[in-house]
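A closer look at the structure
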Amino acid sequence: TNGDIPVIGDWDENGISDIGVFRPSNGNWYLDTTKTGVVNRSFHFGKTGDIPVFAYWGRLVIGVFRPSNSNWYFDNTRTGIVTSSFHFGTIGDKPVFGDWDGDNFDGVGIFRPSNGNWYIDFVLPDMVGYSFHFGTNGDIPVIGDWDENGISDVGVFRPANGNWYLDTSKTGVINKSFHFG
């Protein structure tokens, strides 16, 4: 459906990435663990306007970030029940998550497009463990392990010029940039 947000994760915990969509118009999740175009699992978790998030905390946990109040809600049972929640961020922030310290557990973070600042949370809930400036208004945050050290790094895609800027140190320094898009 128009407006669906793709979500990728190991939904059946067999070591293989699966596909799905989150429908922000109604808060429903539709997962396809066979990659055949058939919904294998669906459930309701979220409200209109929520942004889907998921993190690895011993297992893949799904959640939503609610931009209207900057609250995070998680459902580690995938049954539509909030199992944990916390406030982290402010209105207009973009949610991000990654293994910030190489411990094989994801932490949350936010990218604040209005000023290009990142706020990383190593220890849940709602504590800024690290912050730095990297990016500008209009940038889209991206997360990946750019230097193959097992730790998530940050980057931004700048739609205005089609450039990518990657920071492997989380210090606001561009370690790599290139045009693609």
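None of the values given here were measured: they were computed from a predicted structure.

For Val39, the position within the fold is in the loop between β3 (28–32) and β4 (41–44). Along the primary structure Val39 and Thr1 are separated by 38 residues, whereas in three dimensions their C-alpha atoms are 13 Å apart. Residue contacts for Val39: discarding those within four places in its chain leaves Tyr30 and Leu31.

All right, on to the environment of Gly46 then. With respect to the helices and strands, Gly46 occurs in the loop between β4 and β5 (51–56). According to the relative accessible area criterion, Gly46 is buried, its value standing at 15%. Those residues within four positions of Gly46 in sequence are excluded, and the remaining contacts are Asn26, Gly27, Val64 and Arg66.

On the basis of which strands lie adjacent, the open sheet formed by 4 strands has the order β1-β2-β3-β4 and antiparallel pairing. A strand with exactly one partner marks an edge of an open sheet, and here the two such strands are β1 (5–9) and β4. Between one strand axis and the next, the sheet turns by 20° as a mean value, whatever way the strands run.

Rules of the game
- Residues numbered from 1 in each chain as written.
- Predicted model: local features only at pLDDT ≥ 70, side-chain atom pairs only at ≥ 80, totals over all residues.
- Heavy atoms only, no water.
- Helix = DSSP H or I, 4+ residues; strand = E, 2+ residues; numbered from the N terminus.
- Contact = heavy atoms within 4.5 Å.
- Buried < 20%, exposed > 50% of the residue type's maximum accessible area, 1.4 Å probe, protein only.
- Pairing = 2+ DSSP bridges.
- Axes fitted to C-alpha atoms, helices over the stretch in contact; angles between N-to-C directions.

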